[in-house]
Amino acid sequence: SASAKYDPEGMAGIINIVLKKGTTDGFNGNIQTKGQHNAYHSFDEMHGINGYANYQKGDWNFFGNFGISNRFSDREGYRNTSTTYTSDDENITPNPLVENIFYTYRDSTARSKFNIRFGLDYYTISNITLTNEFKFSNNKKIIENIQTYTQPDRSSKLTLEEEDPSNYDFEYLFALDKEYKDPDQKLDFSINLDFGDRNKTSSQLNSNNEILYLTDFLNDYFGAEIDLLYKTPLSEASKLEFGYDGNITDNENIMIFDGEVLGVTNEGMSYIGKIENQFNFKRNIHAFFLEYDTDLSNHWSLKPSARIEYVNRKVIFKSDFNVPSDNQEYNMSVLDDLIENANNNDYILDRFEIYPFLNLTYNISKNQNIQFGFGRRVKRPGGGDWGSWSIMPFPDNIYNQDFIFIGNPYLKPEYSTQYDINYSSPIPMGFASINLFYHDISNKFEWYDDDSFPSGNVLTFENVSNAYSRGINLFGMIMGQTLGGGYTMTTQVDNNNPDDYELNEQSERFYIFNRIKFPEKYIKIFDFEFGFYWMKMKLPSGSLFGNQGTIWGDLGISKKFINNKLTVSFTVDNIFDSGGFQMERIKPIEYIPDGYTSGEEFSDVSSERNGRTFKLNFKYQLGKVVDDKKKGFRGGQSDDGGGMMDMGY
């Protein structure tokens with residue numbers, strides 16, 4: 001369980017890695033080349049080169065790196081949906097009414113990236129380190145999607161999505177670290193700015209590769225993070241930490257749609273013309289935290305902490321789309337409904353939140369202990385795993401009205417009160433731990449298949465009022481080899497919609513992971529490593545990842561040459577050529593045509609990514625061994641413009 005000094009965003013725990021600074025004057029660095037091969041592409045298309053250099057002289061340390069890469073990702077699969085309507089009226093025909101939508105698809109994504117980073121550290125005579133870092137990156141992406149329908153008729157759709165070559169991401173980091181004679185005392189301050197453009201064009205083509213419909217997406221983003229921490233000892237057995245975290249986000253997305261028809265008339269397709277949708281996401285988070293750490297005795301230690309946050313979030317959606325109310329011939333499509341429902345609305349969240357945390361440890365011996373953890377965490381709409389598109393009230397892909405993903409601007413934050421108890425102990429030739437946990441969740445995020453529209457299938461997010469997760473995690477390490485696994489059962493109940501099949505269910509998740517590693521000094525030939533992860537999920541409505549579960553596996557070997565300066569490594573990713581997504585599900589549906597009394601939908605979905613991939617890597621060490629820097633940028637730019645990661649301390 002994390003403490004209050006860490007951002008409570010996310011439902012999992014914290015892994016806090018602090019890297020050591022280099023202390024030796026001189027030059028060091030490395031240069032690395034890499035290539036990949038799989039069933040879709042080879043080394044001539046997937047390759048890259050990057051390098052790192054560091055030079056320290058006295059009180060000054062200069063560093064920088066660059067990277068150029070080209071890579072592809074491919075995904076193919078199918079989506080089959082059968083909807084059956086039945087009626088109690090014997091005069092209704094056909095009875096039952098069956099509607100099928102069957103299609104296969106293939107996505108091919110080409111990515112190229114250039115980035116450069118440089119900066120300097122200055123060590124002052126008062127044990128203060130000043131760091132300035134700059135990073136610039138340019139990303140290009142082209143996605144080609146082909147959908148081939150077999151039902152309700154035979155047809156195909158080709159769409160092309162291309163990012164603007166002038167897109168960029170720029171980051172600046174300033175950090176101040178002050179060290180004291182007492183290692184339990186320190187002062188850290190940093191500010192990280194991130195801004196750029198992420199523009200793209202999406203088009204649908206005909207069989208002659210001529211553009212039928214065109215959509216421009218314009219995305220400007222700005223983010224800032226401010227971190228301040230001070231730690232001081234109160235006595236030999238206790239210390240106090242307090243600080244401030246600030247997070248500012250300002251994203252603007254504009255979709256300019258030109259040429260598609262958003263509905264049909266009695267004469268056929270109706271041309272609407274150019275439509276502009278504007279989406280703004282603004283969020284300010286200001287947090288103050290306090291943490292107290294004390295040893296109560298030789299066996300007991302206690303760490304209570306608390307965090308108070310002020311969150312102000314505003315989502316704005318505007319569209320110039322308008323259909324005259326007297327146009328009786330115009331039959332609304334699902335896109336019309338979605339845009340009109342959200343148009344000219346502001347969605348505002350303004351509140352204070354308190355996050356308490358507690359860690360209590362009983363040390364049975366030096367390396368054997370029992371820990372109890374309690375804490376409150378949050379998953380915020382517009383951040384984390386899904387980004388701002390989870391609340392964006394219009395679809396990114398508008399060319400497939402049979403299956404549309406759209407965000408939910410009314411989505412509330414998900415809160416989790418977490419309890420866990422952990423036992424850790426040495427075992428013969430290794431170490432083991434067992435963890436039991438219980439999470440009480442409110443406003444749980446849930447993927448939701450909204451079938452309330454007369455045409456089209458809409459996938460979005462909904463909040464489930466209450467959910468409960470409990471389970472066990474096991475971990476063991478013997479002679480450097482690791483094995484672990486776990487089980488989680490989640491029950492969710494939505495008091496506002498007690499009859500909704502999707503919002504009221506119980507799921508089970510099983511997983512096992514393993515890593516085997518043999519250094520060259522043991523097998524005398526090369527370093528060897530193998531790892532796998534297996535997972536299975538059970539739902540009352542069907543199965544995810546197949547009835548047998550799914551497995552990911554990787555294998556790698558590496559060898560050092562030229563006095564350990566050159567490292568050659570060979571890796572096989574997805575060695576079992578599996579690990580895709582599969583789903584079979586049966587669910588009752590909400591929208592029922594006139595004359596029918598019930599409806600049921602069966603979905604069969606499959607998706608596979610990349611397949612088995614071979615990687616070859618050459619890394620040559622320049623100068624002395626590289627010492628990684630302690631501080632650095634929080635992360636690269638994500639697809640939705642919110643790529644910074646909270647540094648923490």
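Quantities reported herein were computed from a predicted structural model and do not represent experimental measurements.

Some thoughts on the overall build of the chain
Moving on, step 1. Summing up its helical and strand segments, the chain has two helices and 31 strands in all.
Moving on, step 2. Looking at the 649 residues of the chain, the share that counts as buried comes to 46%.
Moving on, step 3. A sequence separation of at least 24 residues applies to 67% of the contacts in the chain between residues at least 6 apart.
Moving on, step 4. Here the chain displays about 32,600 Å² of accessible surface, and carbon together with sulfur accounts for 56% of that area.

Some points on the nonpolar core
Moving on, step 1. Ranked by size, the top nonpolar core spans 13 residues in total, and within it F279, F281, V315, I391, F394 and L411 carry the most contacts.
Moving on, step 2. Excluding anything up to four places from it in sequence, F394 contacts M255, N277, F279, F317 and I406.

Structural notes on unusual backbone geometry
Moving on, step 1. Along the chain, T93 connects to P94 via a cis peptide bond; the corresponding omega equals -10°.
Moving on, step 2. Following the sequence through the fold, P94 ends up in the loop between β3 (60-86) and β4 (97-123).
Moving on, step 3. Here N95 and P96 are connected by a cis peptide whose omega angle stands at 10°.
Moving on, step 4. Tracing the sequence through the fold places P96 in the loop between β3 and β4.
Moving on, step 5. A positive phi angle is found at N574, which is not glycine, with a value near 55°.
Moving on, step 6. Locating N574 in the fold gives a position in the loop between β28 (566-573) and β29 (581-588).
Moving on, step 7. The phi dihedral of N610 falls on the positive side, at around 60°, and the residue is not glycine.

So, the pattern of salt bridges
Moving on, step 1. By the definition in use, this model includes 26 salt bridges.
Moving on, step 2. Each of D7, E9, D245, R307, E309 and R380 takes part in one network of salt bridges that share partners.

Some thoughts on the packing of aromatic side chains
Moving on, step 1. Scanning the model with the defined rule gives 29 aromatic pairs in all.
Moving on, step 2. Judged by centre distance (5.0 Å) and plane angle (45°), the ring pair of Y487 and F510 falls under tilted. Residue Y487 is located in strand β23 (residues 481-493), and its partner F510 is located in strand β24 (residues 505-518); the two are separated by 23 residues in the primary sequence.
Moving on, step 3. Here the aromatic residues F475, Y511, F513, Y533 and W552 are joined through ring pairs into a cluster of three or more.
Moving on, step 4. The lysine or arginine in question, K178, covers the ring of Y180, its NZ or CZ lying 5.0 Å from the ring centre.

Examining the pairing of strand β30 (residues 598-609)
Moving on, step 1. As defined by bridge partners, β3 adjoins β30 across 12 bridges and the pair is classed as antiparallel. By the bridge assignment for β30, S82 is matched with F602.
Moving on, step 2. Of the pairings in the sheet, the one linking β29 to β30 comprises eight bridges and is antiparallel in character. Looking across to β30, one finds that F581 is bridged to S607.

Brief notes about the environment of S42
Moving on, step 1. Turning to its location among the elements, S42 is positioned in the loop between β1 (26-37) and β2 (47-57).
Moving on, step 2. A C-alpha to C-alpha distance of 9.9 Å links S42 and K615, two positions 573 residues apart in sequence.
Moving on, step 3. Filtering out sequence-adjacent residues up to four positions away, S42 remains in contact with Q36 and H37.

Here we look at the confidence of the model for the chain
Moving on, step 1. Looking at the chain as a whole, the pLDDT averages 85, with 85% of positions reaching at least 70.
Moving on, step 2. The spread of mean pLDDT over the elements of the chain runs between strand β13 (residues 268-269), the lowest at 42, and strand β8 (residues 186-197), the highest at 96.
Moving on, step 3. The model gives residues 626-631 a pLDDT under 50, and that stretch makes 31 contacts with residues more than four places away or in other chains.

Quick look at the side chain of N369
Moving on, step 1. Positionally, N369 belongs in strand β18 (residues 369-379).
Moving on, step 2. For N369, a relative accessible area of 15% puts it in the buried group.
Moving on, step 3. Setting aside residues up to four positions removed in sequence, N369 forms contacts with T361, Y362, N363, I364, N422, Y423 and S424.

Observations regarding the pairing of strand β25 (residues 527-539)
Moving on, step 1. As judged from the 11 bridges shared by β24 and β25, these two strands associate in the antiparallel manner. When the sheet's bridge partners are listed, E508 is paired in β25 with K538.
Moving on, step 2. Sheet topology places β25 next to strand β27 (residues 550-561); nine bridges connect them, and they run antiparallel. Each residue of the ladder has a partner; that of D527, found in β27, is S558.
Moving on, step 3. In this sheet, strand β26 (residues 542-544) lies alongside β25 in antiparallel orientation, the contact comprising three bridges. Each bridged residue has a counterpart across the sheet, and for M537 the counterpart in β26 is L544.
Moving on, step 4. Between β25 and β26, which pair antiparallel one after the other, the connecting turn spans two residues.

Describing the environment of I142
Moving on, step 1. Mapped onto the fold, I142 is located in strand β5 (residues 128-151).
Moving on, step 2. Since its relative accessible area comes to 36%, I142 is described here as partly exposed.
Moving on, step 3. Expressed as a C-alpha distance, the spacing of I142 and R111, which sit 31 residues apart in the sequence, is 6.7 Å.

Here we look at the environment of F222
Moving on, step 1. Tracing the backbone shows F222 in strand β10 (residues 211-235).
Moving on, step 2. In sequence terms F222 and D197 are 25 residues apart; their C-alpha atoms lie 9.2 Å from each other.
Moving on, step 3. When neighbours within four sequence positions are excluded, F222 is seen to be in contact with L193, D194, F195, I248, T249, D250 and N251.

Criteria and thresholds
Residues numbered from 1 in each chain as written. Predicted model: local features only at pLDDT ≥ 70, side-chain atom pairs only at ≥ 80, totals over all residues. Heavy atoms only, no water. Helix = DSSP H or I, 4+ residues; strand = E, 2+ residues; numbered from the N terminus. Buried < 20%, exposed > 50% of the residue type's maximum accessible area, 1.4 Å probe, protein only. Contact = heavy atoms within 4.5 Å. Areas by Shrake-Rupley, 256 points an atom, 1.4 Å probe, with all protein chains shown as cover. Core = buried A, V, L, I, M, F, W, Y, C linked by side-chain atoms within 4.5 Å. Salt bridge = Lys/Arg side-chain N within 4 Å of Asp/Glu carboxyl O. Phe/Tyr/Trp six-rings, centres within 6.5 Å; stacked < 30°, edge-to-face > 60°. Lys NZ or Arg CZ within 6 Å of the ring centre and 35° of its normal. Pairing = 2+ DSSP bridges. pLDDT = per-residue confidence, 0-100.

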